[in-house]
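One letter stands for each residue in the lines below.
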Amino acid sequence: MNTLAFSIRRTIAADWREIRDLRLEMIRDTPSAYNETLEGALGNDEAEWRMRGERGTADHGIAVAAIDNAGRWVGAMAGFVSEQVAGPLLVGVYVAPGYRGGEVGVTDALLRAIEAWARTESGRLFLHVHEDNARARTAYERRGFTATGEALPYNLDPGRNELEMVKELEHV
């Protein structure tokens, strides 16, 4: 699969259809990985999806997409400066099943874009991952994230937790 080609770019409001379709795919793939239900996402109107697209050019935020050579959106990540962690927070992480794995490189390319943005805000990048999502935790650990020991209730099921992780960013 290392022959798969893709590009990474920031999102814009005009991307709203692709953003909507990828978000629905994300939630269907791993429902507990996002702070939104499928029903909630399906209820969003065009204005909401356009606003999400505009996050790609936000002052203290970013949203990036991985798009294959056929034009299919195959991954996304976003970040914003969060008062909760007093710095950049990685959110909305998704890579389509056929594009996962280090040999393809989509995850790493998306993360490089987020980290470059995060360096303009802080020397660290935080994330929250559902306690039951071992696959994601392992992927983050392989990329230099470590658990902070902090946990917060998962908003869709307060009986479960999201675990906080952080990565110290090297200045390049």
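Report follows, based on the coordinates.

## With respect to the side chain of Arg 52
Summarising the element assignment, Arg 52 is placed in helix H3 (residues 46-54). In this structure the side chain of Arg 52 is engaged in a polar contact, spanning 2.7 Å, whose partner is the side chain of Glu 48. When residues no more than four places from it in sequence are discounted, the contact partners of Arg 52 are Thr 11, Ile 19, Arg 23, Glu 36 and Asn 44.

## Some details on the pattern of salt bridges
According to the stated counting rule, one finds 13 salt bridges in the structure shown. For the salt bridge of Arg 23 with Glu 36, the shortest nitrogen-to-oxygen distance reads 2.8 Å. Here the residue Arg 23 occupies a position in helix H1 (residues 16-29), and Glu 36 occupies one in the loop between H1 and helix H2 (38-42), the gap between them amounting to 13 residues. Each member of the pair Arg 23 and Glu 36 is classed as buried.

## A word on the packing of H1 against H3
One can describe the packing of H1 onto H3 by two numbers: an axis separation of 8 Å at closest approach and a directional angle of 95°. Looking at the two axes, H1 sits roughly perpendicular to H3. In contact with Trp 16, Ile 19, Arg 20 and Arg 23 of H1, H3 contributes Glu 46, Trp 49, Arg 50, Arg 52 and Gly 53. Its residues assigned to classes, the contact of H1 with H3 comprises 3 nonpolar, 1 polar and 5 charged.

## Brief notes about the sheet that holds strand S6 (residues 146-154)
Strand-to-strand pairing in sheets goes through backbone hydrogen bonds, with the strands running parallel or antiparallel. Across the sheet, 7 strands lie side by side as S1-S2-S3-S4-S5-S7-S6; this open sheet has mixed pairing. Either end of the sheet is taken by a strand with one partner, and the two such strands are strand S1 (6-10) and S6. The sheet shows a mean angle of 25° between the axes of neighbouring strands, direction not considered. The pairing of strand S2 (residues 61-68) with strand S3 (residues 73-82) spans 7 bridges and is antiparallel. For Gly 61, the partnering residue across the bridge sits in S3 and is Phe 80. Strand contacts of H1: S3 and strand S4 (87-95), with the helix running at about 80° to S4, the strand carrying the most contacts. Helix-sheet contacts for helix H4 (residues 106-119) involve S1, S2, S3, S4, strand S5 (124-130) and strand S7 (157-168), and the interaxial angle to S3 is about 25°.

What counts, and at which threshold
- Residues numbered from 1 in each chain as written.
- Predicted model: local features only at pLDDT ≥ 70, side-chain atom pairs only at ≥ 80, totals over all residues.
- Heavy atoms only, no water.
- Helix = DSSP H or I, 4+ residues; strand = E, 2+ residues; numbered from the N terminus.
- Polar contact = N/O pair within 3.5 Å; in protein donor to acceptor, adjacent residues only side chain to side chain.
- Contact = heavy atoms within 4.5 Å.
- Salt bridge = Lys/Arg side-chain N within 4 Å of Asp/Glu carboxyl O.
- Buried < 20%, exposed > 50% of the residue type's maximum accessible area, 1.4 Å probe, protein only.
- Axes fitted to C-alpha atoms, helices over the stretch in contact; angles between N-to-C directions.
- Parallel < 35°, antiparallel > 145°, perpendicular 65-115°, else oblique.
- Nonpolar A, V, L, I, M, F, W, Y, C, P; charged D, E, K, R; others polar.
- Pairing = 2+ DSSP bridges.

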